[in-house]
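Residues per chain are reported as follows:
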Amino acid sequence: MPIPKRFGRPLAAVAVSAAVAGSALIAAPAAQAYDTGHGKISCSAVKVRKSPAKNATALGVAYRGDAIAYDQFVYVKAEKTWYTRGTVTRKSDHAKIRGFVFYDCANPYNTDPAPKPPIPK
């Protein structure tokens, strides 16, 4: 059954848009995940942020010794700062907060300061 002319162009535009969007998703680089694992917060207190930026919304506060299950590390060129993304479990109230903290505070190698991954180009 032929497609009526009034539906032909919009249908073709949708098909082309979907193809372009699909190829963009395939070509998009994956998030940088160097390591996954568990660690502890090494700073006395650090804000858990919604996104990797110093001025991002704070979702909560993590304290020294709180557990973090990390899964991604992000370098923000504008700030020249590394961030760790993960889920912090506070010892005081067992609250779970998912977000970004400064890399030096979410220490995956149990050293102070943490060795930093190489800066991406």
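These figures come from a predicted structure and were not determined experimentally. Position numbers for residues start from 1 in each chain and track the written sequence from start to end. This being a predicted model, a pLDDT of at least 70 is required before a residue's local features are given, and a value of 80 or more before pairs of side-chain atoms are given or counted; all residues contribute to the totals for chains, interfaces and linings. Note: side-chain values were computed over all heavy atoms of the structure, leaving out hydrogens and water.

Topic: the overall build of the chain
Okay, step 1: Numbering of helices and strands starts at the N terminus; helices are DSSP runs of H or I of at least 4 residues and strands are runs of E of at least 2. For the chain, the helix and strand inventory stands at 1 helix and 7 strands.
Okay, step 2: Element order for the chain, N to C, with α for helix and β for strand: α-β-β-β-β-β-β-β.
Okay, step 3: Burial analysis of the chain (121 residues in total) assigns 31% to the buried set.
Okay, step 4: Here the accessible surface of atoms and residues is derived via Shrake-Rupley with a 1.4 Å probe, and residues count as covered only by protein chains that are part of the display. Surface exposure of the chain reaches about 8100 Å², of which carbon and sulfur atoms provide 62%. For every residue, the accessible area obtained with a 1.4 Å probe (protein chains only) is divided by the maximum for its type, and the residue is called buried under 20%, exposed over 50%, and partly exposed between those limits.

As for the nonpolar core
Okay, step 1: Nonpolar cores were defined as sets of buried Ala, Val, Leu, Ile, Met, Phe, Trp, Tyr and Cys residues, with membership established by side-chain atoms within 4.5 Å. Of all hydrophobic cores here, the largest spans 15 residues; its most connected members are Ile-41, Val-46, Val-48, Ala-62, Ile-68, Val-88 and Val-101.
Okay, step 2: The set of elements that each furnish at least two residues to this core consists of strand 2 (45–49), strand 4 (67–76), strand 5 (81–89) and strand 6 (96–102).
Okay, step 3: By residue number, the principal contributor to this core is strand 4, which donates 4 residues.

Topic: the confidence of the model for the chain
Okay, step 1: Values of pLDDT, the confidence the predictor places in each residue, fall between 0 and 100. When pLDDT is averaged across the chain, the result is 76; 62% of the residues are at 70 or more.
Okay, step 2: pLDDT under 50 marks residues 20–34. Its contacts with residues more than four places away, or in other chains, come to 10 contacts. In this description, contact between two residues means that some pair of their heavy atoms is separated by no more than 4.5 Å.

Focus on the side chain of Arg-49
Okay, step 1: Looking at the element boundaries, Arg-49 is found in strand 2.
Okay, step 2: For the purpose of counting charges, residues Lys and Arg are taken to be positive, whereas Asp and Glu are taken to be negative. His and the chain ends are not included. Put simply, a salt bridge is a Lys or Arg side-chain nitrogen that is within 4 Å of an Asp or Glu carboxyl oxygen. Although Arg-49 lies buried, it forms no salt bridge, and the closest oppositely charged side chain, Glu-79, sits 8.0 Å away as judged by the N-O distance.
Okay, step 3: Whenever a nitrogen or oxygen atom comes within 3.5 Å of another N or O atom, the pair is scored as a polar contact, on the condition that within protein one atom can donate a hydrogen and the other can accept it, and that pairs from neighbouring residues in sequence are kept only if both atoms are in side chains. Separated by 3.4 Å, the side chain of Arg-49 and the backbone oxygen of Lys-54 make a polar contact.
Okay, step 4: Those residues in contact with Arg-49, other than ones at most four positions away along the chain, are Lys-54, Asn-55, Ala-56, Thr-57, Ala-58, Leu-59, Gly-99 and Phe-100.

Describing the environment of Gly-39
Okay, step 1: Its location among the elements puts Gly-39 in strand 1 (residues 37–41).
Okay, step 2: Residues Gly-39 and Ala-106, 67 residues apart in the sequence, show an inter-C-alpha distance of 7.0 Å.
Okay, step 3: With residues near it in sequence (within four places) discarded, Gly-39 still touches Asp-66, Ala-67, Ile-68 and Tyr-70.

Let's talk about the pattern of salt bridges
Okay, step 1: Inspection of the entire model under this criterion finds 3 salt bridges.
Okay, step 2: The partner of Asp-71 in a salt bridge is Arg-98, and the shortest N-O contact between them spans 2.7 Å. Remark: Arg-98 occurs in strand 6 and Asp-71 occurs in strand 4; sequence separation between them is 27 residues.
Okay, step 3: Residue Asp-71 is classed as partly exposed on the basis of its relative accessible area of 23%.
Okay, step 4: Measuring nitrogen to oxygen at the nearest pair gives 2.9 Å for the salt bridge that ties Arg-90 to Asp-93.
Okay, step 5: When its relative accessible area of 43% is taken as the criterion, Asp-93 is described as partly exposed.
Okay, step 6: One continuous salt-bridge network, built from bridges that share partners, spans Asp-71, Arg-85 and Arg-98.

Digging into the state of the cysteines
Okay, step 1: We call a pair of cysteine sulfur atoms a disulfide when they lie within 2.5 Å. Counting across every chain of the model gives 1 disulfide.
Okay, step 2: Disulfide pairing places Cys-43 opposite Cys-105 at an S-S distance of 1.9 Å. Between Cys-43 and Cys-105, the disulfide has an S-S torsion of -80° and is therefore left-handed. Of this pair, Cys-43 sits in the loop between strand 1 and strand 2 while Cys-105 sits in the loop between strand 6 and strand 7 (106–107), placing them 62 residues apart in sequence.
Okay, step 3: For Cys-105, a relative accessible area of 7% gives the class buried.

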